[in-house]
Amino acid sequence: MISRLFYVIVTCLLLNQFQIPAEALGPVGVGVTYSILADNLPPAKEAIPFAYSKGFKRIRIYEPHKNALDAIIHTTMDVILGVGNEDIVKIAYEKGFAQKWVDENVKAYNDTIIFSMIAVGHDISPEDKLAEALLPAMQALQDALPSDELQPIPVVTPLTLNWLENSHPPSAGEFRRKYLPNIKSIVQFMELQLGQAILCDLYPYYAMVNDPAYAKIPIEYALLSSSQVIVQDGNIGYTNLLDGLIDAFISALEKIGQVSFRIYVGATGWPIASGSGAKLESFENAETYTRNVVSRMQTAAISPKSRTPSFTYLYNLYLQNQATGIERDFGLFYPNNGAVFPNIQYNMTPIGH
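So, here's what we can say about the structure. Worth saying up front: this structure is predicted, and the values here are computed from it rather than measured.

### Quick notes on the overall build of the protein
Here comes step 1: From N to C terminus, the protein includes 11 helices and 12 strands.
Here comes step 2: In the protein, once contacts between residues fewer than 6 apart in sequence are set aside, the share between residues at least 24 apart is 70%.
Here comes step 3: By element, 52% of the accessible surface of the protein is carried by carbon and sulfur atoms, the whole surface being about 15,400 Å².

See the structure below:
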């Protein structure tokens, strides 16, 4: 355990302090999310080892399901541990609840699981009432966590494109002005936790479907399948939208005085079936996007404004038959463990080896 932690610390120092090229350290392993909005999935004691066997060494769970945590013990996975939306207000304002949550879900596993961070909530927009409780909840969890750890567990909240006023072109990235005081406070808290880094859920698919700014952008840009510059933003050329979204957040951070930030991509993916009428959803598009994200991690690619590769988590391990709307159509495996994309391998092997 200590040797693994030592490797993580040294890697961060090399990448961030000494600017050693990421490719010199090999590929960046792709992670996977484990959302279980379904009634037909294998139990966690089978699903977690299955994910590990497929090459996923990082996993994000959206709530502290005990069965999942017990299964993760038998792997060496790095874990983003989620706080369910229903617990945020209680953690923020109910005396003793944050400590109870930490004792049951973190301290009980701290000697056997590597928690890379605690992610408070998911899919929360800055205008939501729940957004007001995010910072108090993060502060309460930080206070409840062990203070004598060699590497304290960062407490964060995942941001989405809903937190931005604009994302295209990337240099126009700007946080929503109406909610800027709360956004600034949250970002500053995460800076202290992660050391100039934030967690973002970034879906080029949703940007293309929901934002008119992308109406005339070719789909190759969103699928990461172009090797040519498609969007010229000042003196920076962009070949793909994932880079553009990462840099839009970096631009937004710069506008509030936060520079040299890293973006961790906590979830990304593409749906396999049509739901919005936009004709962007298809098996072929989903396979192309997923393959290109994996290739991006394999080559340790970075966006034009990034200094280091962005750890990236694919959504989701399984298709979920009880998820709502188009969310049902995001997934890498069927409930019987059959691959949705049989030709994609998730083990990270350096190209040329």
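### With respect to the packing of helix α6 (residues 134–144) against helix α7 (residues 180–194)
Here comes step 1: At a minimum axis distance of 10 Å, the contact between α6 and α7 shows a crossing angle of 25 degrees. In terms of axis orientation, α6 runs roughly parallel to α7. Considering how the two elements wind past one another, α6 and α7 form a crossing that is left-handed. Mapping the contact onto sequence places Leu134, Leu135, Met138, Gln139 and Gln142 in α6 and Ser185, Ile186, Phe189 and Gln193 in α7.

### Thoughts on the sheet that holds strand β1 (residues 31–34)
Here comes step 1: One open sheet holds the eight strands; their spatial order is β5-β4-β3-β2-β1-β12-β11-β8, and the pairing between them is parallel. Each end of this open sheet is capped by a strand with a single partner; those strands are β5 (155–156) and β8 (197–201).
Here comes step 2: Along the sheet, α6 makes contact with β3 (78–83), β4 (114–120) and β5, crossing β4 at roughly 150 degrees.

### Thoughts on the layout of surface pockets
Here comes step 1: Approximately 870 Å³ is the volume attributed to the second largest pocket.
Here comes step 2: For the second largest pocket, the lining is made up of 35 residues, of which Asp123, Thr160, Asn162, Tyr203 and Tyr206 are closest to its centre.
Here comes step 3: Sorting the residues of the lining of the second largest pocket by element identifies β6 (164–166) and α8 (204–210) as the ones contributing at least two each.
Here comes step 4: When its residues are assigned to classes, the lining of the second largest pocket shows 15 nonpolar, 12 polar and eight charged.

### Thoughts on the nonpolar core
Here comes step 1: Formed by 117 residues in total, the largest nonpolar core has its most connected members in Tyr34, Trp101, Leu141, Phe175 and Tyr346.
Here comes step 2: Residue contributions to this core peak at nine residues, all from helix α10 (residues 241–255).
Here comes step 3: Non-local contacts of Trp101, meaning those with residues more than four positions away in its chain, are made with Pro64, Leu81, Gly82, Val83, Asp87, Ile91, Val106, Ile118 and Leu141.

### A closer look at unusual backbone geometry
Here comes step 1: At the junction of His168 and Pro169, the peptide bond is cis and its omega measures out at -5 degrees in the coordinates.
Here comes step 2: Inspection of the secondary structure assignment puts Pro169 in the loop between β6 and β7 (174–175).
Here comes step 3: Asn316 follows Tyr315 through a cis peptide bond whose omega is 15 degrees.
Here comes step 4: Secondary-structure assignment places Asn316 in the segment after β12 (312–314).

### Topic: the pattern of salt bridges
In a structure, side chains of opposite charge can pair up when their charged atoms sit close to one another.
Here comes step 1: Counted according to the given criterion, the structure contains 12 salt bridges.
Here comes step 2: Between Asp78 and Arg58 there is a salt bridge; the shortest N-O distance is 3.4 Å. Residue Asp78 is found in strand β3, and its partner Arg58 is found in strand β2 (residues 58–61); the two are separated by 20 residues along the sequence. Across the pair, Arg58 and Asp78 agree in class, each one buried.
Here comes step 3: With a shortest N-O distance of 2.5 Å, Arg296 and Asp243 are connected by a salt bridge. Of this pair, Arg296 sits in helix α11 (residues 283–298) while Asp243 sits in helix α10, and the two are 53 residues apart along the sequence.
Here comes step 4: Asp243 gets classed as buried once you look at its relative accessible area, which sits at 7%.

### Focus on the packing of aromatic side chains
Here comes step 1: Per the stated rule, a full pass over the model turns up 17 aromatic pairs.
Here comes step 2: Ring geometry for Phe175 against Phe249: centres 6.1 Å apart, planes inclined by 65 degrees, an arrangement best described as edge-to-face. Pair noted here: Phe175 is in strand β7 and Phe249 is in helix α10, with a separation of 74 residues, a long-range link. Each member of the pair Phe175 and Phe249 is classed as buried.
Here comes step 3: A ring pair is formed by Tyr203 and Tyr206, whose centres lie 5.3 Å apart and whose planes are at 70 degrees; its orientation type is edge-to-face.
Here comes step 4: On the basis of relative accessible area, Tyr203 is assigned to the buried category, the value being 13%.
Here comes step 5: Looking at Tyr206, the relative accessible area reads 27%, which means it is partly exposed.

Analysis parameters
Residues numbered from 1 in each chain as written. Predicted model: local features only at pLDDT ≥ 70, side-chain atom pairs only at ≥ 80, totals over all residues. Heavy atoms only, no water. Helix = DSSP H or I, 4+ residues; strand = E, 2+ residues; numbered from the N terminus. Contact = heavy atoms within 4.5 Å. Areas by Shrake-Rupley, 256 points an atom, 1.4 Å probe, with all protein chains shown as cover. Axes fitted to C-alpha atoms, helices over the stretch in contact; angles between N-to-C directions. Parallel < 35°, antiparallel > 145°, perpendicular 65-115°, else oblique. Left-handed = near helix turned anticlockwise from the far one by under 90°. Pairing = 2+ DSSP bridges. 1 Å grid on protein atoms, 1.4 Å probe; cavity = no way out; pocket = protein on both sides within 12 Å on 5 of 7 lines; lining within 4 Å. Points joined across faces, edges and corners; volume = space filled by probe spheres on them. Nonpolar A, V, L, I, M, F, W, Y, C, P; charged D, E, K, R; others polar. Core = buried A, V, L, I, M, F, W, Y, C linked by side-chain atoms within 4.5 Å. Buried < 20%, exposed > 50% of the residue type's maximum accessible area, 1.4 Å probe, protein only. Salt bridge = Lys/Arg side-chain N within 4 Å of Asp/Glu carboxyl O. Phe/Tyr/Trp six-rings, centres within 6.5 Å; stacked < 30°, edge-to-face > 60°.

So, to be careful, I would describe these as geometric facts and stop short of saying anything about function.
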